[in-house]
Amino acid sequence: AQKVTQAQTEISVVEKEDVTLDCVYETRDTTYYLFWYKQPPSGELVFLIRRNSFDEQNEISGRYSWNFQKSTSSFNFTITASQVVDSAVYFCALISRGSGDKLTFGTGTRLAVRP
Amino acid sequence: GAVVSQHPSWVICKSGTSVKIECRSLDFQATTMFWYRQFPKQSLMLMATSNEGSKATYEQGVEKDKFLINHASLTLSTLTVTSAHPEDSSFYICSARVTSKGYTFGSGTRLTVV
């Protein structure tokens, strides 16, 4: 069985603040992939990143960065200098070899960035 | 590349009628499509997995006679909500596995049953 936990239900920050969204996962497989998706109010899912279990390098893409720590089964997402356009629900997701092709989503974190 | 087009974006139907949602892979062949349902302020829950040319596999608790899935070609999968009721009102999203970046999602269909 696999599980993704996003303990933060809602976060509210003021524009230009940094914010970190937490993601903790569970899987018995040694081969797995982790994802982050953004869901703006319009509803579509926007792919942000995919990370495989053998690559613990942290990644930075513009204002976005991801910290993958296998030791704590976490894959946290940080937005630097947040902007109002970052307001959305963010989902962390997991797929592992034993689950076939099925993605398991966390419950999502709703981020509100106030001007 | 790897775009999934989902239609309609939103639909309102009367209780007891059926609604069909289509997902088309525009620039790749989708052997497998996944259908999710998302209630307001909740996560995406996998309903079923459809494979081209074979019967869909439904997740536990999902009524296969109510949510009919057809995947007759490598570019089209459909979800039909039969005899819809207000409790079926939800956001439905399809997805296809794409090797390069994992998955690509349709834009979703907001169904309201009145």
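The rules behind these values
Per chain, the residues get numbers from 1 upward, laid out in the order the sequence is written. Just so you know, chain letters begin at A and ligand numbers begin at 1, following the order they were written in. Where totals are concerned, whole chains, interfaces and linings use all residues; where local detail is concerned, this predicted model gives features only for residues with pLDDT of at least 70, and gives and counts side-chain atom pairs only at 80 or more. With hydrogens and water excluded, all non-hydrogen atoms of the structure serve as input to the side-chain values. A residue counts toward a patch only above 30% relative accessible area and without a salt bridge, and it is joined to like-charged neighbours within 9 Å or, for Val, Leu, Ile, Met, Phe, Trp and Tyr, to nonpolar neighbours within 5 Å. For every accessible area listed, the method is Shrake-Rupley and the probe measures 1.4 Å; residues are considered covered only by the protein chains on display. Here, a salt bridge means any Lys or Arg side-chain nitrogen found within 4 Å of an Asp or Glu carboxyl oxygen. For the purposes of this entry, the term helix denotes a DSSP run of H or I that reaches at least four residues, the term strand denotes a run of E that reaches at least two, and both are numbered from the N terminus. Exposure classes here rest on a 1.4 Å probe applied to the protein chains alone. A residue is buried below 20% of its type maximum, exposed above 50%, and partly exposed in between. Strand pairing is assigned whenever DSSP identifies at least 2 bridges connecting the two strands. Contacts are assigned to residue pairs that have any heavy atoms within 4.5 Å of one another. Here, nonpolar core refers to any group of buried Ala, Val, Leu, Ile, Met, Phe, Trp, Tyr and Cys residues whose side-chain atoms link them within 4.5 Å. By convention in this document, the label disulfide applies to cysteine sulfur atom pairs within 2.5 Å.

K.L.:
Would you mind showing me how to read a nonpolar patch on the surface here?
P.N.:
Nonpolar side chains collect at one region of the surface, where W10(B), I12(B) and V114(B) lie side by side and expose about 380 Å² of accessible area between them. By the secondary structure assignment, V114(B) is in the segment after β11 (109-113).

K.L.:
What is the right way to look at the pairing of strand β5 (residues 45-51) of chain B in this model?
P.N.:
Regular strands have side chains that alternate between both faces of the sheet. Residue and element names in this part refer to chain B. Here β5 lies mainly inside the structure; five of its seven residues are buried. Strand direction decides the pairing type here: strand β4 (residues 32-38) and β5, joined by six bridges, are antiparallel. Counterpart to W35 in the pairing with β5 is A48. In textbook terms, the turn of a hairpin is the stretch between consecutive antiparallel strands, and for β4 and β5 this stretch comprises six residues, one of which, K41, has a positive phi near 60 degrees. Relative to strand β6 (residues 57-58), β5 runs antiparallel, the two sharing two bridges. Residue pairing across strands places A48 opposite Y58, the latter belonging to β6.

K.L.:
Can you help me understand the environment of G43(A) in this one?
P.N.:
Tracing the sequence through the fold places G43(A) in the loop between β5 (32-39) and β6 (46-52). Once the C-alpha coordinates of G43(A) and A88(A) are considered, the two residues, 45 residues apart in sequence, prove to be 9.3 Å apart. Aside from chain neighbours lying at most four places away, what touches G43(A) is F91(B), I93(B) and S107(B).

K.L.:
What exactly am I supposed to notice about the nonpolar core here?
P.N.:
Nonpolar side chains in soluble globular proteins tend to be buried together. The biggest cluster of nonpolar side chains holds 26 residues, and the ones touching the most others in it are V4(B), F28(B), W35(B), F67(B), L79(B), Y92(B) and L111(B). Sorting the residues of this core by element identifies β2 (10-13), β3 (19-25), β4, β5, β7 (67-73), β8 (76-81), β9 (90-98) and β11 of chain B as the ones contributing at least two each. Counting residues in hydrophobic clusters, the runner-up holds 24 residues, among them V13(A), L21(A), I49(A) and A88(A).

K.L.:
Could you clarify how one ought to interpret the state of the cysteines in this entry?
P.N.:
Here, disulfide denotes a covalent bond that connects the sulfur atoms of two cysteines. All names here are of chain A. On inspection of all chains with the given rule, the structure shows two disulfides over all chains. A disulfide bridge connects C23 with C92, and the sulfur atoms are separated by 1.9 Å. Sign of the S-S torsion, about -65 degrees for the bond between C23 and C92, identifies this disulfide as left-handed. One end of the pair, C23, is in the loop between β3 (19-21) and β4 (24-26); the other, C92, is in strand β10 (residues 88-96), with 69 residues separating them in the sequence. Each member of the pair, C23 together with C92, is buried.

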